[in-house]
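The chain contents come next:
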Amino acid sequence: MDNSLDSPAAAPTHLMVLTGASRGLGLAMARQWLRTPGRHLIAVARRPDTTLADWAAQHGSACTAWPLDLADAPAAAQQLGDWLATQTVDRWANATLLNNAGVLSPLGPIGASRATELSNALRVGLEAPMLLTAAFLRGTEGWSARQGGAVKVLNISSGLGRRAMAGSASYCAAKAGMDHFSRAVAMEEAQRPHPARIVSLAPGVIDTDMQGQLRGGDPALFPDRLRFVQLQEAGLLDSAEAAAAKVLAWLARADFGAQPIADVREG
Ligand SMILES: NC(=O)c1ccc[n+]([C@@H]2O[C@H](COP(=O)([O-])OP(=O)(O)OC[C@H]3O[C@@H](n4cnc5c(N)ncnc54)[C@H](OP(=O)(O)O)[C@@H]3O)[C@@H](O)[C@H]2O)c1
C-alpha cells in the first residue's frame, strides 16, 4: 500500500475514498474534486485511471490508486480499515467515503440470469458499500473531524432503487438495499455524540457505459430498452461532468444528511 502521500510536504487536509473512480460518473467526480488544492483521493477500481495522480499533482492535491475488485468486499474493507488505522485522529479536517461503483448484470428476467452475475452485482453494488461503510465508520471513530460533522458517507443509489424495473432485478435490489441500509445507519449515527452523516443519493440519468448497456439490451428480454434509447435521442442524459457537479454540490450542502434518501433532481 502506498502511504507516501502522507508525508508532511504533501499534507492534504481533505480525504475522500471513492469507489468506481476509473470511468463514468466516478472518474468525473474524481477529477472535479481534485481540482481544489489540499485534497487526497483514494481512487478504487479494478483498473484505476492512470492520469489521476498527475491531474491531482497539477492542482496541489494527491491521488492514490487502490486497484481492487470490490467483488471481494471483505478484502477491500480490510484494506480500508488497515489504512485508516495508520492515520492519527487529527490528521484530516474532513473525510468522505463515496460508494459510487455499481454493476448492472446482463439485462433479462431473473430466471435467465447466471448466479455468478447476480452475485457480482450484489457484491459490488451492496455488500462492498456496506462493508466499506462499516470499516470507514469504525476507522474514523474518535477522529476530531467527527466533532464538526465532517465525516460523511455518500452512497450513489438510483431511481431504480425506488421504482422497480423488469430485467434488472439484481440492480434494483442492490440500490433498494443501499437506500434502506443508509436509512438504518443514519438512525444509528443519530444516537451517537459525534455522528457521521450519510446519504443515499440518486444521481440522475447519465451518459456513461452503464447507459450504453441499457440501450444495448435485448428487447425480448428487457422491455424498457426503448425508453433508454429515447432518453438519449431526446438529449435527456446528463454528461458525466454535469452529473458529477450535481453530486459533489450535494456532498457540500450544509444540510447534508438531514434526509438520508435524496435525488439530485429534487434538490
Ligand atoms: N449511468 C446512469 O444513468 C446512472 C443512473 C443512476 C445511478 N447510477 C449509478 O452511478 C454509479 C456510477 O455509474 P456509471 O454510470 O458511472 O457506471 P460505469 O460507467 O459502468 O462505471 C462503473 C464504475 O464502477 C467500477 N466497478 C465496476 N465493477 C467493479 C468491481 N468489481 N470492483 C471495483 N470497481 C468496480 C468501474 O471500474 P472498473 O471497471 O475499473 O473496476 C467503474 O469505475 C453507479 O453506482 C450506478 O449504479 C448511474
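Bear in mind the structure is a predicted one, so any value in this text is a computation, not a measurement. (Residues numbered from 1 in each chain as written. Predicted model: local features only at pLDDT ≥ 70, side-chain atom pairs only at ≥ 80, totals over all residues.)

Some points on the overall build of the protein chain
- Along the protein chain, the regular secondary structure elements total eight helices and seven strands.
- Compactness check: the protein chain gives a C-alpha radius of gyration of 18 Å against a globular reference of 18 Å for 267 residues, within 12% of the reference.
- Along the three orthogonal principal directions, the C-alpha set of the protein chain runs to about 60 × 40 × 35 Å.
- Buried residues in the protein chain amount to 43% of all 267 residues.
- In the protein chain, the share of contacts with a sequence separation of at least 24, taken over all contacts with a separation of at least 6, comes to 70%. (Helix = DSSP H or I, 4+ residues; strand = E, 2+ residues; numbered from the N terminus. Rg over C-alpha atoms; globule rule 2.2 N^0.38 Å. Buried ≥ 20, exposed ≤ 12 C-beta atoms within 10 Å, placed from the backbone. Contact = placed C-beta atoms within 7 Å.)

Remarks on the sheet that holds strand β2 (residues 39-45)
- Here we have seven strands laid out as an open sheet, ordered β3-β2-β1-β4-β5-β6-β7, and parallel in their pairing. Unpaired on one side and paired on the other, β3 (62-67) and β7 (261-263) mark the two borders of the sheet. Recorded for the sheet is a direction-independent mean angle of 20° between the axes of neighbouring strands.
- Here helix α1 (residues 24-34) sits on the sheet in contact with β1 (14-19), β2 and β3, set at roughly 165° to β2. (Pairing = 2+ DSSP bridges. Axes fitted to C-alpha atoms, helices over the stretch in contact; angles between N-to-C directions.)

Digging into the site of the ligand
- The immediate surroundings of the ligand are formed by 28 residues, with G20, G24, R46, G102 and T208 found nearest.
- Secondary structure elements with two or more residues in the shell around the ligand: α1 and α6 (209-215).
- In terms of residue class, the shell around the ligand is built from 13 nonpolar, 10 polar and five charged. (Near = placed C-beta within 6 Å. Nonpolar A, V, L, I, M, F, W, Y, C, P; charged D, E, K, R; others polar.)

Observations concerning the environment of I206
- Relative to the elements of secondary structure, I206 occurs in the loop between β6 (197-202) and α6.
- Along the backbone, I206 and A243 are 37 residues apart, and their C-alpha atoms lie at a distance of 6.7 Å.
- If sequence neighbours within four positions are ignored, I206 has contacts with G24, L25, Q211, L237, D238, A240 and A243.

Describing the nonpolar core
- Among the nonpolar cores identified, the biggest contains 70 residues, and V17, L18, A30, L41, A43 and L132 are the most heavily contacted of them.
- At 10 residues, helix α4 (residues 115-139) tops the list of elements feeding residues into this core.
- The residues touching L132, leaving out its near neighbours within four places in the chain, are A76, A77, L80, L97 and N99. (Core = buried A, V, L, I, M, F, W, Y, C linked by C-beta atoms within 7 Å.)

With respect to the pairing of β3
- In terms of strand pairing, β2 meets β3 through six bridges, oriented parallel. Following the sheet pairing, H40 is matched in β3 by A62.

Description of the environment of F136
- Residue placement: F136 occurs in helix α4.
- Given 23 C-beta atoms within a 10 Å radius, F136 is considered buried.
- Each C-alpha atom, one on F136 and one on R46, is 20 Å from the other, the two residues being 90 residues apart in sequence.

A closer look at α4
- Taking 1.5 Å of rise per residue, the 25 residues of α4 would be expected to cover 36 Å, and the 33 Å separating its terminal C-alpha atoms lies within 8% of that figure.
- Residue R123 marks the point of greatest curvature in α4, where the axis turns by about 40°. (Expected span 1.5 Å × (residues − 1). Bend = angle between axes of the 7 residues up to and from the residue.)

Some points on the pairing of β6
- Counting buried positions along β6 yields six of six residues, so the element is predominantly enclosed.
- In terms of strand pairing, strand β5 (residues 151-156) meets β6 through five bridges, oriented parallel. Within β6, the residue paired with K152 across the bridge is R197.
- Viewed along the sheet, the connection from β5 through helix α5 (residues 169-190) into β6 turns out right-handed.
- Inspection of the sheet shows β6 paired to β7 by three bridges, in the parallel sense. Considered in β7, the bridge of S200 is made with I261. (Right-handed = clockwise from strand over helix to strand, strands pointing away.)

This is a description of form; function is not addressed.
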